[in-house]
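Examination of the molecular architecture
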Amino acid sequence: MSTEYMERAIELARSTLGTASPNPSVGAVIVKDGRVVGEGWTQPVGGPHAEIIALRQAGDAARGATVYTTLEPCCHFGRTPPCTRALLEAGIAEVYSAVVDPDERVNGKGVEELRAAGVAVTVGDCAEEAVEALEGYLHRARTGLPFAVAKFAMSLDGKIATATGESRWVSGEAGRRRAHELRQTCDAIMAGAGTVVIDNPQLTARDAEGKPLERQPLRVVVDSTGRSPVASQVFHGPGSVLVATAGADAATEAAYRAVGADVAHLPGDDGRVDLHGLMCCLVERGVNSVLVEGGGVLLASMFRDGLVSKVEAIVAPMIIGGENARTPVEGEGFAHIGDALRLGRVSVGRLGEDVHVVGYTPTSRGGLE
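Now for a description of the structure that goes with this document. Source: prediction; values computed, not measured.

Let us look at the overall build of the chain. Each helix and strand counted, the chain has 10 helices and 14 strands in total. Taken over the C-alpha trace, the chain has a radius of gyration of 22 Å; the compact-globule value for 369 residues is 21 Å, and the two agree within 12%. By principal-axis analysis of the C-alpha atoms, the chain measures approximately 65 × 45 × 45 Å. When the 369 residues of the chain are sorted by exposure, 53% land in the buried category. In the chain, of all internal contacts separated by at least 6 residues, the share reaching a separation of at least 24 is 69%. A total of about 16800 Å² of accessible surface is found on the chain, and carbon and sulfur atoms cover 49% of it. A gap of 2 Å separates the mean positions of the 35 positive and 47 negative side-chain charges of the chain.

What follows deals with helix α3 (residues 83–90). Listed as buried for α3 are Cys 83, Thr 84, Ala 86, Leu 87 and Ala 90. Down the axis of α3, the sector holding all buried residues measures 165°, keeping them to one side. Once α3 ends, the next one or two residues include Gly 91, with phi positive near 80°.

What follows deals with the pattern of salt bridges. As enumerated under the stated definition, the model contains 17 salt bridges in all. Here Glu 293 ties to Lys 151 by a salt bridge, and the two come within 3.8 Å at their closest N and O atoms. Here Glu 293 is found in the loop between β11 (289–292) and α10 (296–304), whereas its partner Lys 151 is found in strand β6 (residues 147–155), with 142 residues between them in sequence. Each member of the pair, Glu 293 as well as Lys 151, is classed as buried. One salt bridge connects Lys 211 with Glu 209, and the closest N-O pair in it is separated by 3.6 Å. You can call Glu 209 exposed: its relative accessible area is 64%. Overlapping salt bridges, with partners in common, bring together Arg 8, Glu 11 and Glu 39 in one network.

An order of β2-β1-β3-β4-β5 is seen for the 5 strands of this open sheet, with the pairing classed as mixed. Of all the strands in the sheet, the pair left with one neighbour each is β2 (35–41) and β5 (120–123). Pairs of neighbouring strands in the sheet enclose a mean axial angle of 15°, with direction left out of account. Where strand β1 (residues 27–32) lies against β2, 6 bridges are found, and the strand directions are antiparallel. Within β2, the position partnered with Ala 28 by the bridge is Gly 40.

This part takes up the side chain of Asp 223. Structurally, the position occupied by Asp 223 is in the loop between β8 (218–222) and β9 (241–245). Here the side chain of Asp 223 touches Gly 226 through a polar contact of 2.7 Å, landing on its backbone nitrogen.

Running from N to C, helix α2 (residues 50–58) and α3 cross one another at 20°; their axes reach a closest spacing of 9 Å. Taken together, the axes of α2 and α3 are roughly parallel relative to one another. By crossing handedness, the relation of α2 to α3 is classed as left-handed. On α3, the residues touching Glu 51, Ile 52 and Leu 55 of α2 are Cys 83, Ala 86, Leu 87 and Ala 90. Partitioned by chemical class, the residues of the contact of α2 with α3 number 6 nonpolar, no polar and 1 charged.

Time to look at a negative patch on the surface. A contiguous patch of negative charge, built from Glu 4, Glu 7, Glu 128 and Glu 129, is present on the exposed surface. Contributing elements (two or more residues each) for the negative patch: α1 (3–14) and α5 (127–143). Tracing the chain through its elements places Glu 4 in helix α1.

So, about the environment of Val 292. Of note, Val 292 is situated in strand β11. Residue Val 292 is classed as buried on the basis of its relative accessible area, which comes to 0%. For Val 292 and Ala 191, which are 101 residues apart along the polypeptide, the C-alpha to C-alpha distance reads 6.1 Å. Not counting residues up to four positions away in its chain, the partners in contact with Val 292 are Ala 148, Val 149, Ala 150, Lys 151, Met 190, Leu 298, Leu 299 and Met 302.

Rules behind the numbers
Residues numbered from 1 in each chain as written. Predicted model: local features only at pLDDT ≥ 70, side-chain atom pairs only at ≥ 80, totals over all residues. Heavy atoms only, no water. Helix = DSSP H or I, 4+ residues; strand = E, 2+ residues; numbered from the N terminus. Rg over C-alpha atoms; globule rule 2.2 N^0.38 Å. Buried < 20%, exposed > 50% of the residue type's maximum accessible area, 1.4 Å probe, protein only. Contact = heavy atoms within 4.5 Å. Areas by Shrake-Rupley, 256 points an atom, 1.4 Å probe, with all protein chains shown as cover. Lys, Arg positive; Asp, Glu negative; His and termini not counted. Charge placed at Lys NZ, Arg CZ, Asp CG, Glu CD. Arc of directions from axis to C-beta. Salt bridge = Lys/Arg side-chain N within 4 Å of Asp/Glu carboxyl O. Pairing = 2+ DSSP bridges. Axes fitted to C-alpha atoms, helices over the stretch in contact; angles between N-to-C directions. Polar contact = N/O pair within 3.5 Å; in protein donor to acceptor, adjacent residues only side chain to side chain. Parallel < 35°, antiparallel > 145°, perpendicular 65-115°, else oblique. Left-handed = near helix turned anticlockwise from the far one by under 90°. Nonpolar A, V, L, I, M, F, W, Y, C, P; charged D, E, K, R; others polar. Patch = residues over 30% accessible without salt bridge, like charges linked within 9 Å, V, L, I, M, F, W, Y side chains within 5 Å.

Structure follows, in structure tokens:
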């Protein structure tokens, strides 16, 4: 196998993050006699899969060629016909697939079908690299829940704002760019009512000049009692808004709907929003990945319920101090260090002067298994 072709397929897969869900973000490259004759990537839902786009581009050159694809080709009828059938009809001779599709309708059956028809199939090359673009889909396929990324920026002493509530800007410019990269590639952005009331965020994906992008993730406000003002910026930007509530009165719900927001009534046993129910609701809306931007109460509840898959933390080299200054994860916390949630697959890098820490929780199933 030539690694460069699979790396190109992974690059194509990454380009579709945020646009392919609920389908996986897949890239495919077709090579004939050492030359790329076709490339493809997953189209928005209902459109062709990556392999089909690549086959169309390759045309007759696909016969006897090799396919590099980041995910096992599907072998079932869904919104589109199976990719395995198209590969066989095109006369593909060899397939390299980075990751097996955990969907119970596939899960190795695509590989078996191709091999039974005489196609040479190799699985696992560049798998770790390919998983990054697939982790939202993989987690949702295995658990039935979205892949939730907890993102926050904090000072060296663990504060996300001063005691007076001022929070702009804790992270530097590079950290803020990273936040918008995450917004561009997720399917939904979630924030609690406290964040909406205190910070009045837009929760939109924007370019380097601060202009909203054409494609916007779903904005989700978790507001148990309906205290988010309808004048808040989150309700008036481009894209769709969902308010998840447990005890908002009818007049408040009607006010949210009047400004174009959808409302989901999801009461939990404690009188707050049932977060597990909310995550199931998001899957029904085609969400594979959700970026949770706070605040501390919401993140504490998400961690408590085992709903966070990944953490992206930006640590700024500053000291804020203050007994009452806000922290990224509040709630009751863990009584014993031994019970604290520890991240795995941790990587540490730099974003300007800030430190960028990425890690996965024990409940994450977005990687290789």
